[in-house]
Amino acid sequence: MPAVTATIPFDRVYSTTAAAERSTVAMEIVQANPLLWHMYREGAVVYEGGTECRLPVVLTESQNVGAIATYATFSTTPEDGPDKARFPTWYKNRASMVIDNTELAQNRGKYQIVNLLQSKLAISKISMVNDLSRQMYANGGVGTATPKELNGLQSMIEFIPATAAGQGTTGSATVGGISKLVFPNWWNQYGEMTAFGTDGLDVWEEVYMDCSKKGTHPDIILVDPLVYRFYKRLVAPNQEERDKALWDQGFDNLLFNGTPVVPDDELAGTGKCFFLTTSG
């Protein structure tokens, strides 16, 4: 075999970025949404807890300095460096806040009403969770003006019968690099109920069986809270049958064929039910 030589360029720096705070914030975000948390516990999403950040070293002075008045507006331009991360084309979700030292000074000591910094941090986290929840059920930039957002469920799952002619009309014809037009097994299954009390359980059973082929089955069912309440009335005698881990995390749920049915406010008013297989 030919010899292999490892070369380490000396134009790079390895640094950490808020390592102590980042893991805590990331887990708070993951634990605040039922789908995010379920995907995390199933291993469908992996949080990379490393602290290494590989950047080219460019030592130039920043233009983003200057004095401003309280609440004065200002603009910030990208720095000349370091500005190229290891994965420079990845999109990021961000939450920012504005707080002024004058505000902090006016609200401190024994007459302090609230901790402004902690309050604004909490608002930023809640806002980030809410926006991620919206993105997870959205069209994910397919035919929209938000291509930098997550590829939401509705960019992958079509609410039409799984026929060759219908695939790709309302969602993406290619999911994860696999074409639904070429591979019929990649089509999502679909069912439509008249009313939950009429044929809801029958449609659920049919979709569940259609999604349980090839040796797997759905591991979470996310539904409109109104649909969940209808289901809860039907299974009232067996309400103790829950997914304990989801329940202890604060997410209401009941089991259907051993799979947790979880209401999600992002689906409120839609009547939609997602039967998802997040592992395997």
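The rules behind these values
Residues numbered from 1 in each chain as written. Predicted model: local features only at pLDDT ≥ 70, side-chain atom pairs only at ≥ 80, totals over all residues. Heavy atoms only, no water. Helix = DSSP H or I, 4+ residues; strand = E, 2+ residues; numbered from the N terminus. Buried < 20%, exposed > 50% of the residue type's maximum accessible area, 1.4 Å probe, protein only. Areas by Shrake-Rupley, 256 points an atom, 1.4 Å probe, with all protein chains shown as cover. Pairing = 2+ DSSP bridges. Axes fitted to C-alpha atoms, helices over the stretch in contact; angles between N-to-C directions. Contact = heavy atoms within 4.5 Å. Polar contact = N/O pair within 3.5 Å; in protein donor to acceptor, adjacent residues only side chain to side chain. pLDDT = per-residue confidence, 0-100.

### Quick notes on the overall build of the protein chain
Part 1: From N to C terminus, the protein chain includes 7 helices and 8 strands.
Part 2: By residue count, 28% of the 280 residues in the protein chain fall in the buried class.
Part 3: With the model as given, the accessible surface of the protein chain reaches about 18,600 Å², and the carbon-plus-sulfur share is 57%.

### With respect to the pairing of strand 7 (residues 259–263)
Both faces of the sheet carry side chains from a regular strand, because those side chains alternate between them.
Part 1: With 4 of 5 residues buried, strand 7 lies mostly within the body of the structure.
Part 2: Where strand 5 (residues 220–223) and strand 7 come together, 3 bridges link them in parallel fashion. Bridge pairing links Ile-221 to Val-261 in strand 7.
Part 3: Note that strand 6 (residues 254–256) and strand 7 share 3 bridges and pair antiparallel. If you follow Leu-254 over to strand 7, its bridge partner there is Val-261.

### Considering unusual backbone geometry
Part 1: Despite not being glycine, Tyr-71 shows a phi value in the positive range, around 65 degrees.
Part 2: Note on placement: Tyr-71 falls in the loop between strand 2 (53–56) and helix 3 (101–106).
Part 3: Residue Tyr-71 is classed as exposed on the basis of its relative accessible area of 57%.

### Topic: the sheet that holds strand 8 (residues 273–276)
Part 1: Spatially, 4 strands are ordered 6-7-5-8 in an open sheet, and the strand pairing comes out mixed. Only two strands of the sheet have a single partner each, and these edge strands are strand 6 and strand 8. Put simply, the sheet's adjacent strands are angled 30 degrees from each other on average, direction ignored.
Part 2: Most of the contacts of helix 2 (residues 34–41) go to strand 5, to which it runs at about 170 degrees, and overall it touches strand 5, strand 7 and strand 8.

### Some thoughts on the side chain of Asn-107
Part 1: Position of Asn-107 relative to the elements: it lies in the loop between helix 3 and helix 4 (116–137).
Part 2: Relative accessible area serves as the criterion here: at 13%, Asn-107 is assigned to the buried category.
Part 3: Of the polar contacts made by the side chain of Asn-107, one reaches the backbone nitrogen of Ile-113; its length is 3.2 Å.

### What to know about the confidence of the model for the protein chain
Part 1: Mean pLDDT over the protein chain: 76, with 72% of residues reaching 70 or higher.
Part 2: A low-confidence stretch, residues 4–18 stays under pLDDT 50, and its non-local contacts, those more than four residues away or across chains, total 23 contacts.

### Considering the environment of Ala-32
Part 1: Tracing the backbone shows Ala-32 in the loop between helix 1 (19–30) and helix 2.
Part 2: Residue Ala-32 is classed as partly exposed on the basis of its relative accessible area of 39%.
Part 3: Apart from residues no more than four positions distant in its own chain, Ala-32 is found in contact with Val-129 and Phe-251.

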